[in-house]
Amino acid sequence: MNVFLRLITYIRPYLGRVSIGIGATLLIIGLDAVQPLLMREVIDNILTPYFTEGNYIGDRFSDTKIAADFDLLQYYALLLLGVYILRTVFSFINRYLLGRTGQDILFSLRVQVYDHLQHLGLRFYNDRSTGELMSRVTADVESLQYTVTDTLERVLIDIATVFIFGSILFALSFELALITLLPMPIYSILIIFYNRTIRPYYTMARERIADISALLQDNLSGIRVIKCFAREGHELSRFTQKCKAFLTISITIIKIRVGFYPLTRFIISMGPLLVLLFGGRQIISGDLTIGTLFAFQSYLWQFYRPVESLTRINDTIVRASASARRIFEILDTQPEIKDTPNALPFDRLNGGVEFQNVTFAYEHGPPVLQGVSLSAQPGQLIGLVGPSGAGKTTIINLICRFYDPDSGTVCVDGHDLKNMQRASLRSQIGMVLQEPFLFNGTIRENIAYGKLNATEADIINAAMMANAHDFVCGFSDAYDTHIGERGVRLSGGEKQRISIARAILNNPRILILDEATSSVDTETEMLIQNALERLMEGRTTFAIAHRLSTVRRADCLYVIDRGKIVEYGTHTQLLASDGLYARLCDMQFALEEA
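Residues numbered from 1 in each chain as written. Predicted model: local features only at pLDDT ≥ 70, side-chain atom pairs only at ≥ 80, totals over all residues. Heavy atoms only, no water.

**Some thoughts on the sheet that holds strand 8 (residues 429-432)**
The strand order 8-9-10-5-11-12 describes an open sheet built from six strands, whose pairing is mixed. Lying at the two open borders of the sheet, with one neighbouring strand each, are strand 8 and strand 12 (564-569). Neighbour to neighbour, the strand axes of the sheet diverge by 20 degrees on average, direction disregarded. Set on the sheet, helix 12 (residues 392-399) makes contact with strand 5 (381-385), strand 8, strand 9 (510-514), strand 10 (540-544) and strand 11 (556-561); between it and strand 10 the angle comes to about 150 degrees. (Pairing = 2+ DSSP bridges. Helix = DSSP H or I, 4+ residues; strand = E, 2+ residues; numbered from the N terminus. Axes fitted to C-alpha atoms, helices over the stretch in contact; angles between N-to-C directions. Contact = heavy atoms within 4.5 Å.)

In structure tokens:
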């Protein structure tokens with residue numbers, strides 16, 4: 001219930017609109033309350049005198065009385081027509097205002113969740129699958145549609161309806177009203193038991209949906225691998241198992257609901273049955289009129305209807321709480337990397353980078369870096385070499401402040417990164433990765449991602465500097481060519497040159513190259529290397545390389561092994577020292593000759 005109450009706070013910006021909608025519904029309740037009273041007047045004062053002991057006796061009345069009763073009947077009919085028209089108008093107002101508010105709240109919640117995800121650190125994403133997070137932003141938020149506004153409205157309206165019609169029932173007949181309440185204690189006990197039983201199953205159902213989304217996202221992203229290994233049948237089996245797990249929980253939920261709702265319906269139906277029994281006896285004994293019993297029965301169902309509605313609302317709240325709990329789990333996760341109150345913006349960095357005795361470990365793991373100290377002067381090319389898993393990528397992550405070191409300091413231009421605004425730092429860092437990531441859109445949009453307000457001339461110039469302009473113009477739509485998800489319609493070398501053009505347009509002060517030429521042919525490597533040389537001019541560059549020939553010209557090479565810098569210097573100096581770097585070079589050159 002606390003989760004649902006938290007959801008209700010999202011109504012606050014739309015309180016005026018919701019109040020009008022609820023006010024319209026209260027008016028509808030008032031109009032519904034009038035109808036049985038009007039019908040009682042018609043039955044007792046107009047229709048009943050024309051029958052006695054089941055026989056029609058209207059022929060005994062004068063034409064004047066009959067005409068007067070017809071006029072009175074038409075009057076009440078017009079009153080009822082007016083009630084129906086007003087009810088329709090108020091219903092339209094209510095439906096539109098609350099429906100619109102529900103959509104606005106969903107919009108705000110979805111945007112808030114997405115914005116919060118953008119600011120969470122990489123540690124958060126390391127423990128969660130993309131599909132599972134997508135499920136929370138889409139399916140979980142969607143499951144709350146109309147829950148907040150409609151449920152709040154229904155709760156308030158149903159409670160008000162119970163009190164209003166309950167008061168009318170007591171006013172009509174105190175004894176019958178007491179009989180009406182007899183099933184309620186048993187009914188309340190059933191609801192408490194139902195909530196405790198079904199709540200964990202709704203949570204498990206949302207989790208199983210997230211599992212299905214995660215597997216689907218994983219399979220669609222790796223569809224080429226699946227087809228290459230002819231594993232369609234295997235993946236179908238995995239997907240079927242996930243769906244069966246969801247089906248099992250869904251069937252359990254159905255069984256619980258099927259057992260609960262008919263039973264509560266039966267218990268509630270005891271009320272009208274008892275009223276009919278005792279009310280009929282009062283009519284026979286002359287203590288109650290037929291019109292009063294008719295009105296009481298009409299109000300009785302008006303009384304029980306919101307009681308049943310509250311039962312279904314209770315189920316809606318329990319189900320929505322399972323989704324809301326998963327959404328709030330994201331919103332309650334605090335970003336581990338955030339700006340301090342005194343963090344400073346830097347419009348233009350020089351590009352000097354320094355690590356001072358840095359130690360770092362990923363969560364629940366051994367130290368990845370231990371006492372690392374290195375420095376790069378503005379404009380220098382720094383090579384990071386060493387075996388896989390040595391800690392090279394971790395150094396890059398710390399420069400971008402994707403993580404903070406456990407001890408030691410990472411500085412840019414002499415300033416601790418913790419004292420710099422993240423946006424001003426990262427906006428001046430460009431990255432060209434071994435596996436370039438391109439967005440599903442056009443070539444123009446992907447290049448312009450480096451500078452959102454770039455002109456057409458800026459985009460073309462960046463593409464030319466990246467040796468991409470010629471192959472882009474070879475497409476029929478040129479820069480408006482759609483490249484598909486992750487740039488699937490481009491070759492590896494073409495994707496890499498688009499990512500270089502994006503980095504050029506960004507005009508970074510610090511450049512990070514992570515094996516940017518490792519997976520292309522020789523001719524494409526020459527084109528990319530030529531583009532990278534243009535990109536590196538005047539910028540501090542950190543280059544991770546397993547192909548050591550690409551970093552020979554580095555101003556300084558840092559050799560990393562098991563999280564420690566074991567040697568550093570120029571290519572010539574390191575070869576002369578006959579250490580790990582020299583052994584790596586000998587192994588690689590021997591492999592190339594072989």
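**A few points about the nonpolar core**
By size, the foremost hydrophobic cluster in this structure holds 63 residues, and its most contacted members are L109, V113, L117 and L144. Looking at which element gives the most residues to this core, the answer is helix 11 (residues 290-331), with 16 residues. Taken domain by domain, the makeup of this core includes at least three residues from each of domain 1 (1-51 + 67-173) and domain 2 (174-287). Contacts of L144, omitting those with residues within four sequence positions, involve L7, L106, L109, A320, S323, A324 and I327. L381, A463, L532 and L580 belong to the second largest nonpolar core, which has 41 residues in total. (Core = buried A, V, L, I, M, F, W, Y, C linked by side-chain atoms within 4.5 Å. Buried < 20%, exposed > 50% of the residue type's maximum accessible area, 1.4 Å probe, protein only. Domains from an automatic or database assignment.)

**Things to note about the sheet that holds strand 3 (residues 353-361)**
Within the open sheet, the four strands sit side by side as 4-3-6-7. Their pairing is antiparallel. Whereas interior strands pair on both sides, the edge strands pair on one side only; in this sheet they are strand 4 (367-376) and strand 7 (415-416). Of the strands in this sheet, strand 3, strand 4 and strand 6 (407-412) are in contact with helix 12, which crosses strand 3 at around 115 degrees.

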